[in-house]
Each structure stands twice: as C-alpha cells, then as structure tokens.
Amino acid sequence: MRMLAEARQEQDRQGLPLDLQAPARVETATFALG
Amino acid sequence: MGYAGGRKVDPTYRSMGDHTETTQVDFDPVLISYLEILQHVWASHDPRRNHFSRQYMNAIFFSGEAQKAAALETMAAVQARLGREVKTVIAPLERFYPAEDYHQKYYLRGHPALLAEFQRHGYDDARFRESRVAARLNAYVSGFGRMTLLERELPSFGLSASAEQVLRRVMEEGSGASCG
C-alpha cells in the first residue's frame, strides 16, 4: 500500500495529465486588446 | 499575459516603457488555425478606436511571413467591411516578455481550491503560467465555455473529485467575471 501511495505521489509530481500530453505541433499567436 | 511591441528591456507592470499589455496564446493548428484566432481577435475589439496610450492599444504582433500575410489580409477585409480606416496596429513581434506571476491566469487565482490542484502536483510559477489545464480553467471560471464542453473534457484534466465539484459549482453559479 505504501509503495502504491508513493508511486501515486510521484505520478502527481509529474503534472496534470493534459499538461503531460504535448501536441504534435504548437504555434503561437500574439495580440493586444486594449 | 505579458509585454511586447516596445524597446525597453525587461519591462515590468510598473515600468513598462513603450510596451503594450499583450496576450500570447500557444495553440495546436490541428485544432484551430491562426486565421480563426485572428477572427476572434477582430471580433473582440473596436478596430476604429484610436489608442491613447501604448500600454492599452489594440495590436496584432505577427511572427513570420505567413502570420504577417494573414494579419494584413484580415485587416483589409475588416477595413472593407467597416468602410473606415482600421486603427489596430499590425507589427512584427520582436520579443514577448511574460508579465509578473500575479498577472497570469488572473481569474483562476481567485479560486484557492483549484489552485491547490497545481500545488499538489508541484507546479512552480513558470509551469503554472504555461499549463494548458490552467489556461482552460481560467477560461471556465471567467465565464467562457459551456457545461457540456466542460463535462466532456473534465476527465482529461486529472483534477481531484472535490476540485471538479468546485469547478462545476462555479460554472453553475456563473460567478466568474466575463472579461476578455
């Protein structure tokens, strides 16, 4: 149980799932709406 | 959020120099095109408005020839539709300086139970600023996005059950500010 809990904590430290899935391509848009 | 368009090195909110308060969005072109983003940008401000300060002007900062062509093309279309000169500035992006941490994901910062999720996962300020989950939560709590979409994508966020409930409650109450 303790090992499972530690494994879970380590997994948590890596980040939230969506943030761990890198899209194949990322572009950037930059704008200002004053 | 950040600062762009000026010459001052390392601008800050209190010492912005000739920069403009600017939004920078990372996007997956498979899901949304630059052109579609530009259409949202044009629809989200009055292009006829004169800007009275560099800090708060309307601008599109392009990177590369393709973005430049798209920005100019959409500006011409807006101008033709309005029949008036467009005051929105179209300029090359020289450099984007991220704003101070307290400006990032501003509305999400008002929800401690949701912020705790990021702390639990060991996010530092830079990772929080770049987080896709934080960007989406910030949009939901500030009044963008519908419950049906939220329910569809909520499992992919990996939030705790209690944080999911908080988010649903915020959505149901519509308590988030609606601000572009």
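For the structure, check the block above.
Here is a short report on the structure shown in this document.

About the cut-offs
- Residues numbered from 1 in each chain as written.
- Chains lettered and ligands numbered in written order.
- Predicted model: local features only at pLDDT ≥ 70, side-chain atom pairs only at ≥ 80, totals over all residues.
- Core = buried A, V, L, I, M, F, W, Y, C linked by C-beta atoms within 7 Å.
- Buried ≥ 20, exposed ≤ 12 C-beta atoms within 10 Å, placed from the backbone.
- Helix = DSSP H or I, 4+ residues; strand = E, 2+ residues; numbered from the N terminus.
- Contact = placed C-beta atoms within 7 Å.
- Axes fitted to C-alpha atoms, helices over the stretch in contact; angles between N-to-C directions.
- Parallel < 35°, antiparallel > 145°, perpendicular 65-115°, else oblique.
- Left-handed = near helix turned anticlockwise from the far one by under 90°.
- Nonpolar A, V, L, I, M, F, W, Y, C, P; charged D, E, K, R; others polar.
- Pairing = 2+ DSSP bridges.

Glancing now at the nonpolar core. In this structure, A:Phe31, B:Leu38, B:Val41, B:Ala59, B:Ile60, B:Phe61 and B:Phe62 are the most contacted members of the largest nonpolar core, which totals 17 residues. Listing elements by their share of this core, those giving two or more residues are strand S1 (27-32) of chain A together with strand S1 (2-4), helix H1 (34-43) and strand S3 (59-62) of chain B. Filtering out sequence-adjacent residues up to four positions away, B:Ala59 remains in contact with A:Phe31, A:Ala32, B:Gly5, B:Thr20, B:Thr88, B:Val89 and B:Ala91. Counting 16 residues, the second-largest nonpolar core is a separate cluster that includes B:Leu108, B:Leu137, B:Leu159 and B:Val170.

All names here are of chain B. One way to put it is that H1 packs onto helix H2 (residues 64-82) with a least axis distance of 10 Å and a crossing angle of 40 degrees. Considering the angle they form, H1 stands oblique to H2. As H1 packs across H2, the resulting crossing turns out to be right-handed. On H2, the residues touching Tyr-34, Leu-35, Leu-38 and Trp-42 of H1 are Gln-67, Ala-70, Ala-71, Thr-74 and Val-78. Considered class by class, the residues forming the contact of H1 with H2 number seven nonpolar, two polar and no charged.

An order of S4(B)-S3(B)-S1(A)-S2(B)-S1(B)-S5(B) is seen for the six strands of this open sheet, with the pairing classed as mixed. The sheet is open, and its two borders are formed by strand S4 (89-92) and strand S5 (96-98) of chain B, each paired with just one other strand. Going from strand to strand, the sheet's axes swing by 35 degrees on average, the running direction of each strand aside.

What follows is about the interface of chain A and chain B. It is common to give the size of an interface as the accessible area that goes away when the parts come together. Between chain A and chain B, the residue contacts involve 18 residues of the former and 37 residues of the latter. For the side of chain A that touches chain B, the secondary-structure elements that each account for two or more residues are helix H1 (2-14), helix H2 (17-20) and S1 of chain A. Take the side of chain A that touches chain B: its biggest share by element is six residues, from S1(A). Across the side of chain A that touches chain B, the residue classes tally to nine nonpolar, four polar and five charged. Bridge count between S1(A) and strand S2 (residues 20-27) of chain B: five bridges; the pairing is antiparallel. Its bridge partner being in S2(B), A:Thr30 is matched across the sheet by B:Gln24.

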